[in-house]
Structures are given as C-alpha cells and as structure tokens.
Amino acid sequence: MSRKRRPNKYVYRSIVLAGVAAVKLFRVPVIASGVEHFPADEVIKGLDRKVVPGKGAVVAITHFGYLDFVFAEYLIWKQIKVHMRYLVTKKAARKKFVGAVCEWCEHIVVDRSDGAAAYTESVEKLHRGDYLAVLPEAGVSRSFTVRQLKTGAVRMAAEAGVPIIPVSVWGGHRMLTRGHGLSVKAVWKTPVRIHVGEQLWVDPNASVTEETVRLQKVLQAGIDECIDTYPEEPPAGAWWMPVSRGGSAMTPEEQVILDEADRAKYKITG
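Note that this is a predicted model, so its numbers are computed, not measured.

J.: It is not clear to me how the sheet that holds strand β6 (residues 108-110) should be interpreted in this structure. Could you clarify?
T.: Pairing between the strands of a sheet comes from backbone hydrogen bonds, and it takes one of two forms, parallel or antiparallel. The strand order across the open sheet built from seven strands is β1-β9-β8-β4-β7-β5-β6, with neighbouring strands paired in mixed fashion. Unpaired on one side and paired on the other, β1 (30-33) and β6 mark the two borders of the sheet. Between one strand axis and the next, the sheet turns through 25° on average, direction left out of account.

Okay, structure coming up:
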C-alpha cells in the first residue's frame, strides 16, 4: 500500500496560480457579479485565508463544462484566498496524479455508488472551517440548464450549520464539455461569466427536498443572469445555448434519459 501524502498548501497554491496564469495567457475575460455575497469577515494574511472552526461554507457550483470548477476557484481565490476542498469521484482519483493532488490539497474522494464516508468527511471539514466545493448536479448538464440536484449540498450545510454560496458559471462549457474537446481556439478570448448568489442558510428542520429545489432555482437564476449579460451574441442555433434560448443543445427531457444510463454506470465505476 502506498504511503498517503501529507497536505501541502503550497502545492494547492501552485495549482491555483498556474490557473490564474493560464487565464491571463489565453486572455479569457472572467466577468463576475454578486461578489459582495462572499463573506466579508474572512481573515486573510498575504496569500492565505485563515481557516477558523465554524467559518466554513458549501460552495454550490453549476456544472455545464469540465472547466467550471476552475473558474469558480479562480474567482473565490482572487476574492478571499480560499483553498476549496472538492469532491472528486473515485473513478477520477484512481489516476495516480489525480489521487496525489487529492491528498496534497485535502480533496474528498467520493464513491458515487456509496457516498456515506465522503459525506461524513465533508461535514467534518465544514465544521473545521473549510470551504467545500460541490457540483450538486452530480455530472455535466448537457442541456445547459441546471438539472435536478442531489440533496448532499443542502444536507451538509444544514448539519454543519454553514451557508451555501451559489455560484453559476456560464461560458466555460464552450471550452470543454461532453462531446466538445479542448482546443486553443475554443479557449482563446472566450468570455466566462460568473454570478454569485446570496448566501442560503438551511434550517435543520426544513424539508431537504424543498431546500434543494430552492437551490436549483437560485443557480438557474444565476445562469439566466449570466446569459442575459454575456458579452457575446450567440449565433442562431448555437450548440452551446439551451433550446429555451434558441440553441441546439440537448433538451432537458432527452437529458433525463441519458442521465439514468449514466447512474447505472456509476454503480460500477464508483
């Protein structure tokens, strides 16, 4: 059995700074709104946000492309120097490099067929004061609308007594998503629009289902805000626009069918 690597904030910082450099290199305009909804009382010294017990948060991020988490981390680090802890699938963590990064950066490996252990670890990190990044759609939305969410983000926030910070990302899917590979042309100067919603506090006695639907609506409202204020006008029938906006993306109904097939695979791949 290989020896587990110790957490190393400098590895995390190096990865973040490499991402910041890449955004500049490819001249990607990152246009954010709602940043006033990030906590204003964080203690920051230099390039570090002080982790304080009771000061954690669940950061719920939309998931239309494979780089959405990069831009969410880019924004939150630029604003309050947070090293978010991510939930990484067991399938992805099997790769040696990804597994090493998870250990160095204190990310959480989750088995999608049985997430109990990852849930417990997540709540512990929230109590410790970490920010936990969650992609509550549990997979890429191919309709480019916020699909039905898993309840984990709401349950963890309620149990840990921390807020949910909704982060809607639009434009990153134009660079890399299911069925559309990464290329310099796709990334070069492609705008990314991010909207941060008001913090959501979940009453421990509230309905998990109702609160999860509320989070879904807030995330979708953020996406609508991003689309309405996006700096580029999409061509008619653009593949990266939802059908409700005149695009040619998969319909939500078609997506539901394929999502069910994906969930069956997760039971095998983890």
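There is more to say, and it comes next.
J.: Could you clarify how one ought to interpret the pattern of salt bridges in this entry?
T.: It is possible for side chains bearing opposite charge to pair when their charged atoms get close. The final tally for this structure, using the stated rule, is 16 salt bridges. One salt bridge in this structure joins K9 and D48, with 3.0 Å as the shortest N-O distance. Placement of K9 in helix α1 (residues 9-25) and of D48 in strand β3 (residues 48-49) is noted, with a sequence separation of 39 residues between them. In this structure, R214 engages E211 in a salt bridge whose closest nitrogen and oxygen atoms are separated by 2.6 Å. You can see R214 and its partner E211 sitting in helix α8 (residues 208-228), three residues apart, about one turn around the helix. Bridged by salt links that share partners, the residues R85, E106, K125, R128 and D130 form one connected network.

J.: Even after reading the chapter, I still don't get the layout of surface pockets, so can you show me in this structure?
T.: A water-sized probe, rolled over the atoms, reveals where empty space remains. Computed from the structure, the second largest pocket encloses a volume of approximately 350 Å³. Lining the second largest pocket are 16 residues; nearest its centre among them are K4, G99, C102, E103 and V109. The set of elements that each furnish at least two residues to the lining of the second largest pocket consists of α4 (96-105), β6 and α5 (116-128). Tallying contributions element by element places α4 first for the lining of the second largest pocket, with five residues. A breakdown of the residues in the lining of the second largest pocket according to their chemical character gives six nonpolar, three polar and seven charged.

J.: Would you explain the nonpolar core in this entry?
T.: The nonpolar side chains of a soluble globular protein tend to be buried, and buried together. With 35 residues, the main nonpolar core has V58, L126, M156, I164, W170 and L215 as its most contacted residues. Elements that contribute at least two residues to this core include exactly β4 (57-61), β6, α5, β7 (131-134), α6 (152-160), β8 (164-170) and α8. Leave out the neighbours within four places in its chain, and W170 touches F64, F144, P191, V192, R193, I223, C226, I227, Y230, W240, M241 and P242. Listed in part, the 33 residues of the second largest apolar core include V23, V28, V187 and V196.

J.: Could you clarify how one ought to interpret the packing of aromatic side chains in this entry?
T.: Working definition: an aromatic ring pair is given by the centre-to-centre distance plus the angle between the planes. Under the criterion given, the structure shown has six aromatic pairs. Considering the side-chain rings of F144 and W239, the 6.2 Å spacing of their centres and the 65° angle between planes classify their relative orientation as edge-to-face. Taken as a pair, F144 in the loop between β7 and α6 and W239 in the loop between α8 and α9 (252-269) lie far apart in primary sequence, 95 residues in all. Residue class for F144 comes out buried when judged on its relative accessible area of 4%. Residue classification places W239 among the partly exposed residues on the basis of a relative accessible area of 29%.

J.: How should a positive patch on the surface be read in this particular structure?
T.: The grouping of K91, R94, K95 and R112 at the surface amounts to a positive patch. One can find R94 in the loop between α3 (90-93) and α4.

J.: Would you mind going over α1 with me for this structure?
T.: Each turn of an α-helix holds 3.6 residues, which means side chains three or four residues apart point in the same direction. Spanning 17 residues, α1 covers 24 Å between terminal C-alpha atoms, matching the ideal 24 Å at 1.5 Å per step. Buried-residue contacts for α1 involve β1, β3, α2 (68-80), β5 (85-89) and α4. Where α1 starts, the residue carrying a side-chain oxygen 2.8 Å from the main-chain nitrogen of Y10 turns out to be N8. At the exit of α1 stands R27, carrying a positive phi of roughly 50°.

J.: Sorry, what's going on with the pairing of β5 here?
T.: Consecutive residues of a regular strand have side chains that alternate between opposite faces of the sheet. Direction of pairing for β5 relative to β7: parallel, over a ladder of two bridges. Paired with R85 across the bridge in β7 is L132. Judged from the three bridges that link them, β5 and β6 form a sheet pairing that is parallel. When the bridges of β6 are listed, L87 appears paired with I108.

About the criteria used
- Residues numbered from 1 in each chain as written.
- Predicted model: local features only at pLDDT ≥ 70, side-chain atom pairs only at ≥ 80, totals over all residues.
- Heavy atoms only, no water.
- Pairing = 2+ DSSP bridges.
- Helix = DSSP H or I, 4+ residues; strand = E, 2+ residues; numbered from the N terminus.
- Axes fitted to C-alpha atoms, helices over the stretch in contact; angles between N-to-C directions.
- Salt bridge = Lys/Arg side-chain N within 4 Å of Asp/Glu carboxyl O.
- 1 Å grid on protein atoms, 1.4 Å probe; cavity = no way out; pocket = protein on both sides within 12 Å on 5 of 7 lines; lining within 4 Å.
- Points joined across faces, edges and corners; volume = space filled by probe spheres on them.
- Nonpolar A, V, L, I, M, F, W, Y, C, P; charged D, E, K, R; others polar.
- Core = buried A, V, L, I, M, F, W, Y, C linked by side-chain atoms within 4.5 Å.
- Buried < 20%, exposed > 50% of the residue type's maximum accessible area, 1.4 Å probe, protein only.
- Contact = heavy atoms within 4.5 Å.
- Phe/Tyr/Trp six-rings, centres within 6.5 Å; stacked < 30°, edge-to-face > 60°.
- Patch = residues over 30% accessible without salt bridge, like charges linked within 9 Å, V, L, I, M, F, W, Y side chains within 5 Å.
- Areas by Shrake-Rupley, 256 points an atom, 1.4 Å probe, with all protein chains shown as cover.
- Lys, Arg positive; Asp, Glu negative; His and termini not counted.
- Charge placed at Lys NZ, Arg CZ, Asp CG, Glu CD.
- Expected span 1.5 Å × (residues − 1).
- Polar contact = N/O pair within 3.5 Å; in protein donor to acceptor, adjacent residues only side chain to side chain.

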